[in-house]
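# A look at the structure
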Number of protein chains: 4
Amino acid sequence: MLLLALLLVAPDTVRFTPTVAQPTFAVREPVARLAPGTVLVSRTNFGAYYTEEGGAFPGEVGPFYIEGATTGDVLRVEIVRVRPNYRHAASRVIPGFGGLATDSRVRLLNDPIPSRRYLWELDTVRMTGRTPMPASGRTMEIDLQPMLGRLAVAPRGAEAFSGLWPGDFGGNMDAPELREGTTVYLPIFHDGAYFYFGDGHARQGEGEVAGTGLETSMDVVLKIDVIKGKTIDWPRFEDAEHIMVAGSGRPLIDAFRLAHVELIEWMVEDYGFDKLDAYSLLGQVGENTVANIVDPAYTVVAKVKKRYLGR
Amino acid sequence: MLLLALLLVAPDTVRFTPTVAQPTFAVREPVARLAPGTVLVSRTNFGAYYTEEGGAFPGEVGPFYIEGATTGDVLRVEIVRVRPNYRHAASRVIPGFGGLATDSRVRLLNDPIPSRRYLWELDTVRMTGRTPMPASGRTMEIDLQPMLGRLAVAPRGAEAFSGLWPGDFGGNMDAPELREGTTVYLPIFHDGAYFYFGDGHARQGEGEVAGTGLETSMDVVLKIDVIKGKTIDWPRFEDAEHIMVAGSGRPLIDAFRLAHVELIEWMVEDYGFDKLDAYSLLGQVGENTVANIVDPAYTVVAKVKKRYLGR
Amino acid sequence: MLLLALLLVAPDTVRFTPTVAQPTFAVREPVARLAPGTVLVSRTNFGAYYTEEGGAFPGEVGPFYIEGATTGDVLRVEIVRVRPNYRHAASRVIPGFGGLATDSRVRLLNDPIPSRRYLWELDTVRMTGRTPMPASGRTMEIDLQPMLGRLAVAPRGAEAFSGLWPGDFGGNMDAPELREGTTVYLPIFHDGAYFYFGDGHARQGEGEVAGTGLETSMDVVLKIDVIKGKTIDWPRFEDAEHIMVAGSGRPLIDAFRLAHVELIEWMVEDYGFDKLDAYSLLGQVGENTVANIVDPAYTVVAKVKKRYLGR
Amino acid sequence: MLLLALLLVAPDTVRFTPTVAQPTFAVREPVARLAPGTVLVSRTNFGAYYTEEGGAFPGEVGPFYIEGATTGDVLRVEIVRVRPNYRHAASRVIPGFGGLATDSRVRLLNDPIPSRRYLWELDTVRMTGRTPMPASGRTMEIDLQPMLGRLAVAPRGAEAFSGLWPGDFGGNMDAPELREGTTVYLPIFHDGAYFYFGDGHARQGEGEVAGTGLETSMDVVLKIDVIKGKTIDWPRFEDAEHIMVAGSGRPLIDAFRLAHVELIEWMVEDYGFDKLDAYSLLGQVGENTVANIVDPAYTVVAKVKKRYLGR
């Protein structure tokens, strides 16, 4: 209701239907230019790999050039809405990709595990997904918790990372926290930011251990703003309860540390903590999620409840 | 009320007041022999390092020889009660120990960070803790969530690990999930199991990133049983909502994998899942906590909600 | 003498003087097209950061489009000559970059280490370098062992990695083995291969632990060939004594495994070993070098002496 | 000849024939007490697992109580002689143990690799070993390079580590550099040091990647001394050409850093280098060996040639 009202009255709503999928996060010709404050109503591409009848967009939506965004600013993206718009989702076990078996980056002499593919039926009213699991003699039904795997700006310099990569530019963070109600803050490495999004998951486990969530197509509403004159090093999230940082890297401990050190810096900058006090306090009230252990860089989300931060 | 009733009627309640602290998890002369089904009413030692008036027990309580427990069985420990029994707790920032700074195992050329110590006042009725943080210009108050850092059996062979170590024998797992209502299953490497416990935390953050929780003394009630004719490789936990596995090792990704592979084995053994189905499903509904990144081995808790496991 | 003879008689020698430096390894407009069998006589760019009078080419030389090279082939590059052609080299300690201190990827709460810069005088006849080390009360003199940090093809897909990255495409492997007399085999991900080189080190330690070798400008002679109808997954090297593989990744153990598994595959493919026999034998005769622990991916070189491989 | 002379004239030669094998490195009743300056003439135990007729000593020799050694000193052990004294050695591929396949610490969902065992015939005159490799259609012959996998003191506190563990106490470092002519310096954690040795390898590859070298029995001559009033943190080695440090830990990068930071400290303490100068110089002249990637802690040997250290 509230959402509907917002969309109706917002003078700055932009509707964008993607017709092309981008293979990398990089500076390239923008698909649109958006003013700060824009509510972007759009949808994700969806990959042909997970549904027979599926579309032809196995890549990112964007880039959007954000007017007035400079490298001295922060991009603010509020996830207003992310909802599956398709009747199917797919999940997979993939021999060359996944966190609990040998893959192309974790190469051992063992034989690879076999491939398996699950086609899920989505009930977008009840918000459930069902798939047969014959080898387990059952049909699984789970509740959906839709999210976006990827929110990004163009990475620094002339680099171009495939959609599988997360990093300080955001990208494929695969954090379940990237759901409705979460606001994402991204560093800006190029004037205009070059914002991308994609990779809808109707549901994804923490760690995305087997390499896929429930991959499907999403309706997406994002409110995009620029915070002038502030810089950050890593993507930050905020929802009603927590402030959070997504650190990405390998090894996993480095991602863990990147996220937590940036979280401490946030506590220092915006909440007046001394650095050592913040560090020590996280020993008592810190929270974390290993978001992905399958992408070229792993992602850890460090969190602290806002109620511990007020003076 | 319920608890009190239990203690009054249980014919097999044993009260044990520790008078000696053990420096390692190992096979040694037991402090008591307990029959399966015993409700053990005891308390943790507490270390002189965190309170001026504190006692002289900086180590583990135990070992308890569990009658009839063999290497072909599993030790089952239900955490009935764990409550702070002292008016103070301490937390610290320690130059040579901690997860977000150089320490004796993560050695770099940077100068070490300084030392800092916080003395917390505990209100065990309201279940809150308070400490001044002068460098941050505030007094912190947080809610308590008491837990036990350490539950262990004697490790395999003739090895003896200091109380800082977690492992397949349990030990210093430092998982916040080790609270009232959680049942812990431990492998048994020696007849009699040689059970230890210790390391009360009135509150501990996930990861215990600065190296300490709110270290204090605890009243402890544990119900101890033996599951005959079953073996497991890593400590398993269970509460009303989840089944969980605590994997410990370095690097962090190995702890993550140990925990998740054992969780999949549990889903296969006790819930009838096919291995690949369980793997894939965790990609959608898996949960995790990085429990500690400061001990000689890191600990990750892998979790899945029981409601996804029924047939 | 021998070399001179080669250059004089070779009908396929190409002289190329770089005038532009490339910021990434990627598919882009080639600077030249070379036929297989070409002897390329050129020089590295050199970065302004290490000499006051230095040039303006802080990037890669290339790409060279290799005629007839396809994704079903291997690029063969023989390092015929790599010699410093400048009177200075520089080395540095850099606060935000280096393997034994906190940096932008290994972020901790410690204060960063200070910056320091060394200007070395090179004697290219005696092949020595000298620099004052006032803090140590001495002048260092060391023998030069010139090498190329970077030999690359364009990475797979549309990705573009800055010159700091090593990977399966080669890149900034920083292996001291990349010296005169070594032949490098690179996978090909795009028709034409798009070959790059750069990053001359008059001397570099194994691991390049502080982040720089003796950075200077090099005269380079490379013989470039295509091996038709063969594919490899990771860069392979060969000299008079060893076959070698350079695996790159993080964590370090993954780079180690990538290199060694590919080495075993080489022993199987070209020397007739059974896979397990090759694995076991490396337990007795394997050799390795940690080549870099400072770049975005670490590099390990796995080696085995050819004299153990003959039938 | 020279050696023989030494043994004949030394007034302080002790001959010790082991009759019992120790399961852990720990403080326990010494098998002998040795004065500093003693030349210990002994032999390793050898494990029944690698030869049908083999003895019954699958563990360490020791502990030797070194008179006058205190926790403020360093233990100095010169490897005078280490030579195979048996006609067989064994190597293996072990499903649950090894660096390039899943094992009990690197647990994945892949099926384990198969087991394989090689019995080698040793020619201790020609110093060669031969084994059939039927799956590869050949007989392997390699030159022997005998070494000791394990040299240790009792670890700190009351801990007891099985013979598989390396650490700051030395232990199962599995470094090929532990050969004749190398002197080892070990920290001392208990008065008397409690020195152990064992684990003869007629040949071992760097990394010991498949988990075994050529395991066999050794004649051993060690000269044992105490350096009074000096302390070190990690095992240091020295031979004619290099000073070296063996750092052990997981992940591999931590072992790498432990070794290199201690090497820099050595350069500072004994050779007058400024810390940053030493760090930077290793970027040009540092060397390293990954010694083992199969033990509970990995071992890296950091090295620098002595000729770069003189003033």
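Residue numbering note: each chain is counted from 1, following its sequence as written. Chain letters start at A and ligand numbers start at 1, both assigned in the order the entries are written. With pLDDT at 70 or above as the cut-off, local features in this predicted model cover only qualifying residues; side-chain atom pairs require 80 or more to be listed or tallied, and sums for whole chains, interfaces and linings still use all residues. Water and hydrogen atoms play no part in the side-chain values, which are based on all heavy atoms of the structure.

## Comments concerning the sheet that holds strand S8 (residues 116-123) of chain C
Remark on secondary structure: sheet strands pair via backbone hydrogen bonds, oriented parallel or antiparallel. For two strands to pair, DSSP has to find at least two bridges joining them. The helix and strand labels rest on DSSP assignments: H or I over at least four residues marks a helix, E over at least two residues marks a strand, and numbering proceeds from the N terminus. The sheet built from four strands is open, its strands ordered S7-S8-S9-S10 (chain C) with antiparallel pairing. The sheet is open, and its two borders are formed by strand S7 (88-93) and strand S10 (138-143) of chain C, each paired with just one other strand. Taking each pair of neighbouring strands and ignoring which way they run, the sheet shows an average axis angle of 25°. The pairing of S7(C) with S8(C) spans six bridges and is antiparallel. Considered in S8(C), the bridge of Arg92(C) is made with Arg117(C). In what follows, a contact means two residues having at least one pair of non-hydrogen atoms within 4.5 Å. Helix axes are fitted only over the stretch in contact, all axes being lines through C-alpha atoms; the angle between N-to-C directions runs from 0 to 180 degrees. Across the sheet, helix H3 (residues 275-285) of chain D lies against S7, S8, strand S9 (128-133) and S10 of chain C, angled at about 45° from S8(C), the strand it touches most.

## Things to note about unusual backbone geometry
In this model, Gly62(A) is joined to Pro63(A) through a cis peptide bond whose omega is 0°. Inspection of the secondary structure assignment puts Pro63(A) in strand S5 (residues 61-66). The step from Arg250(A) to Pro251(A) runs through a cis peptide bond, and the omega angle for that step is -5°. Here Pro251(A) shows up in the loop between strand S19 (242-249) and helix H2 (252-271). One non-glycine residue with positive phi stands out, namely Ala193(B), at about 70°. As for its placement among the helices and strands, Ala193(B) is situated in the loop between strand S15 (183-187) and strand S16 (195-201). We note that Tyr194(D) has phi near 60°; this positive angle belongs to a residue other than glycine. Residue placement: Tyr194(D) occurs in the loop between strand S15 (183-187) and strand S16 (195-201). The classification of residues rests on relative accessible area computed with a 1.4 Å probe and restricted to protein chains. Under 20% of the type maximum is buried, over 50% is exposed, and intermediate values are partly exposed. Tyr194(D) gets classed as buried once you look at its relative accessible area, which sits at 12%.

## What to know about the environment of Arg150(C)
All names here are of chain C. Mapped onto the elements, Arg150 comes out in strand S11 (residues 147-152). Given the relative accessible area of 13%, Arg150 is considered buried. Residues Arg150 and Phe197 lie 47 residues apart in sequence; the distance between their C-alpha atoms is 5.2 Å. Within the structure, Arg150 has its side chain in polar contact with the side chain of Glu60 (distance 2.6 Å). The definition of a polar contact used here is a pair of N or O atoms within 3.5 Å, where within protein one atom must be able to donate a hydrogen and the other to accept one, and adjacent residues in sequence count solely through side-chain atom pairs. A polar contact is formed between the side chain of Arg150 and the side chain of Asp199, at a distance of 3.4 Å.

## Quick word on the interface of chain B and chain D
Bring the parts together and some accessible area is lost; that lost area is often taken as the interface size. Opposite the 28 residues of chain B that make contact, chain D presents 28 residues. Here the quantity called buried area is the accessible surface, traced with a 1.4 Å probe, that two parts lose on coming together, added over both. Considering only the surface of chain B that becomes buried against chain D, Arg107(B), Leu109(B) and Glu159(B) emerge as the three largest contributors, covering 32% of it. Only one rule defines a salt bridge in this text: a Lys or Arg side-chain nitrogen within 4 Å of an Asp or Glu carboxyl oxygen. Our count for the chain B to chain D interface comes out at six salt bridges. A salt bridge links Arg107(B) to Glu265(D), with the shortest nitrogen-to-oxygen separation between them at 3.0 Å. Linking chain B with chain D are 13 residue pairs in polar contact (both at pLDDT 80 or more), by the criterion used here. Within the residue set of the side of chain B that touches chain D, elements represented by two or more residues are strand S12 (161-162), helix H2 (252-271) and helix H3 (275-285) of chain B. Top element by residues in the side of chain B that touches chain D is H2(B). It accounts for seven residues.

## Quick look at the packing of aromatic side chains
Centres within 6.5 Å make a pair out of two Phe, Tyr or Trp rings, where for Trp the six-membered ring is used; the pair is then stacked when the planes are under 30 degrees apart, edge-to-face when over 60, and tilted otherwise. Under the definition given, this model contains 48 aromatic pairs over all chains. Taking 6.1 Å as the distance between ring centres and 65° as the angle between the ring planes, the aromatic pair formed by Phe161(B) and Trp165(D) counts as edge-to-face. Linking Phe161(B) in strand S12 with Trp165(D) in the loop between strand S12 (161-162) and strand S13 (166-167), this pair reaches from one chain into another. Look at Phe161(B) and you get buried, because its relative accessible area is 5%. Aromatic pair Phe195(B) and Phe197(B): ring centres 6.3 Å apart, planes at 35°, arrangement tilted. When sorted by exposure, Phe195(B) lands in the same class as Phe197(B), which is buried. Connected via pairs of aromatic rings, a cluster forms that spans Phe25(A), Phe161(A), Trp165(A), Phe169(A), Tyr196(A), Phe25(C), Phe161(C), Trp165(C), Phe169(C) and Tyr196(C). Sitting above the plane of the Phe273(A) ring, Arg138(B) keeps its charged end 3.7 Å from the centroid. Ring-over charges, as used throughout, are those where CZ of Arg or NZ of Lys falls within 6 Å of the ring centre and within 35 degrees of the ring normal.

## Concerning the confidence of the model for chain A
Residue and element names in this part refer to chain A. Summary of the metric used: pLDDT quantifies the predictor's per-residue confidence within the range 0 to 100. For chain A, the average pLDDT comes to 93, and 92% of its residues sit at 70 or higher. Of the regions scoring below 50 in pLDDT, residues 1-9 engages in seven contacts with residues more than four places distant in sequence or in other chains. Complex prediction metrics read pTM 0.95 and ipTM 0.94.

## Brief notes about the relation of the copies chain B and chain D
The operation relating the pair of chain copies consists of a rotation about an axis and a translation along that axis. Our superposition of the copies is a least-squares fit, built on the C-alpha atoms of residues whose pLDDT is at least 70 in both. With an RMSD of 0.0 Å, the operation that places chain B on chain D is a rotation of 180° combined with a shift of 0.0 Å along the axis. As the rotation angle and translation indicate, the two copies are arranged about a two-fold axis.

## Some points on the interface of chain B and chain A
Taken together, the contacts link 63 residues of chain B with 63 residues of chain A. Each partner contributes to the roughly 5,200 Å² buried at the junction of chain B and chain A, and carbon and sulfur atoms together form 57% of this total. Three residues stand out in chain B for area buried against chain A, namely Arg138(B), Tyr279(B) and Gln284(B), and they jointly supply 15% of the buried area on that side. At the boundary of chain B and chain A, one finds six salt bridges.

## Considerations on the packing of H2(A) against H2(B)
The geometry of a pair of packed helices is captured by two quantities: the angle between their axes and the separation between those axes. Where H2(A) contacts H2(B), the two axes come as close as 7 Å, and the packing angle between them is 105°. The orientation of H2(A) with respect to H2(B), classified from their angle, is roughly perpendicular. On H2(B), the residues that touch Leu252(A), Ile253(A) and Phe256(A) of H2(A) are Leu252(B), Ile253(B) and Phe256(B). Considering only residue class, the contact of H2(A) with H2(B) consists of six nonpolar, no polar and no charged. When an angle is under 35 degrees it counts as roughly parallel; over 145 it counts as roughly antiparallel; between 65 and 115 it counts as roughly perpendicular; any other value is oblique. Residues are grouped as follows: Ala, Val, Leu, Ile, Met, Phe, Trp, Tyr, Cys and Pro are nonpolar; Asp, Glu, Lys and Arg are charged; all remaining types, including Gly, are polar.

## Some thoughts on helix H2 (residues 252-271) of chain D
Residue and element names in this part refer to chain D. An expected span of 1.5 Å times one less than the residue number is assigned to each helix. For H2, which comprises 20 residues, the first-to-last C-alpha distance of 28 Å matches the rise-based estimate of 28 Å (1.5 Å per residue) to within 8%. Taking burial as the measure, the 20 residues of H2 include 15 buried ones, the bulk of the element. Phi turns positive, to about 75°, at Gly272, one or two residues after H2.

## Overview of H3(B)
All names here are of chain B. Counting buried residues along H3, 10 of its 11 residues qualify, which places the element largely inside the surrounding structure. Of all the positions in H3, only Leu276, Asp277, Ala278, Tyr279, Ser280, Leu281, Leu282, Gly283, Gln284 and Val285 are classed as buried. Capping of H3 at its N-terminal end is provided by Asp274; its side-chain oxygen lies 3.0 Å from the backbone amide nitrogen of Leu276.

## As for the side chain of Glu208(C)
Following the sequence through the fold, Glu208(C) ends up in the loop between strand S16 (195-201) and strand S17 (218-227). Charged residues are defined narrowly, with Lys and Arg counted positive, Asp and Glu counted negative, and His plus the chain ends left uncounted. In this structure Glu208(C) is buried but unpaired, with Arg150(C) as the nearest side chain of opposite charge at 7.4 Å. Of note is the side chain of Glu208(C), whose polar atom sits 3.3 Å from the backbone nitrogen of Gly213(C). Ignoring any residue separated from it by four or fewer positions in sequence, one finds Glu208(C) in contact with Asp174(C), His201(C), Gly213(C), Glu215(C), Ala291(C), Val294(C), Asp295(C) and Gly283(D).

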